[in-house]
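Spelled out, the chains give:
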Amino acid sequence: MFDREGLEKRIERMSDLPDDWDGCGTSPLSVSVAKIGKRLLQYIPAEAVQSVKVFVGINTPGSLFVEIIQESRVIEMTVVPGGNIFWDEWICGTECGSGQFVLSRRKMAEILDG
């Protein structure tokens, strides 16, 4: 189960970080990346909430990393400045899909449904 509201707040905090917050030159999330990330979480269907684990973090430079785990299936997404989302799908440690898209409810459903 994942805490959608808690993850949305975490994304907001990541956009409030100062420049070079980690001492390695990493930028905070831009407002647009944070907004897309929060919307991405909203597109995870309610029926999946009980069966998934979701983690969020910052990738360099200022992009959002989202990992969705469903049993032996892992979907890794990176929201980059400019709004594109890159994704990879892994099942039992074997990569079985990847791509790039602009966020839409339909595309999220396709990826999550496998």
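Here goes a summary of the coordinates provided. (Residues numbered from 1 in each chain as written. Predicted model: local features only at pLDDT ≥ 70, side-chain atom pairs only at ≥ 80, totals over all residues. Heavy atoms only, no water.)

A tally of helices and strands in the protein chain yields three helices and five strands. The secondary structure elements of the protein chain, listed N-terminal to C-terminal, are α-α-β-β-β-β-β-α. Computed over its C-alpha atoms, the radius of gyration of the protein chain comes to 14 Å, within 12% of the 13 Å expected for a compact globule of 114 residues. Its C-alpha atoms give the protein chain principal-axis dimensions of roughly 35 × 25 × 25 Å. Expressed as a percentage of its 114 residues, the buried residues of the protein chain come to 42%. Intrachain contacts of the protein chain at a sequence separation of at least 6 include 43% that bridge at least 24 residues. As displayed, the protein chain offers around 6,300 Å² of accessible surface, 51% of which is attributable to carbon and sulfur atoms. (Helix = DSSP H or I, 4+ residues; strand = E, 2+ residues; numbered from the N terminus. Rg over C-alpha atoms; globule rule 2.2 N^0.38 Å. Buried < 20%, exposed > 50% of the residue type's maximum accessible area, 1.4 Å probe, protein only. Contact = heavy atoms within 4.5 Å. Areas by Shrake-Rupley, 256 points an atom, 1.4 Å probe, with all protein chains shown as cover.)

The next point concerns the side chain of Glu89. Inspection of the secondary structure puts Glu89 in strand S4 (residues 84–91). Accessibility expressed as a relative area gives 9% for Glu89, which makes it buried.

Purely geometric numbers; function is a separate question.
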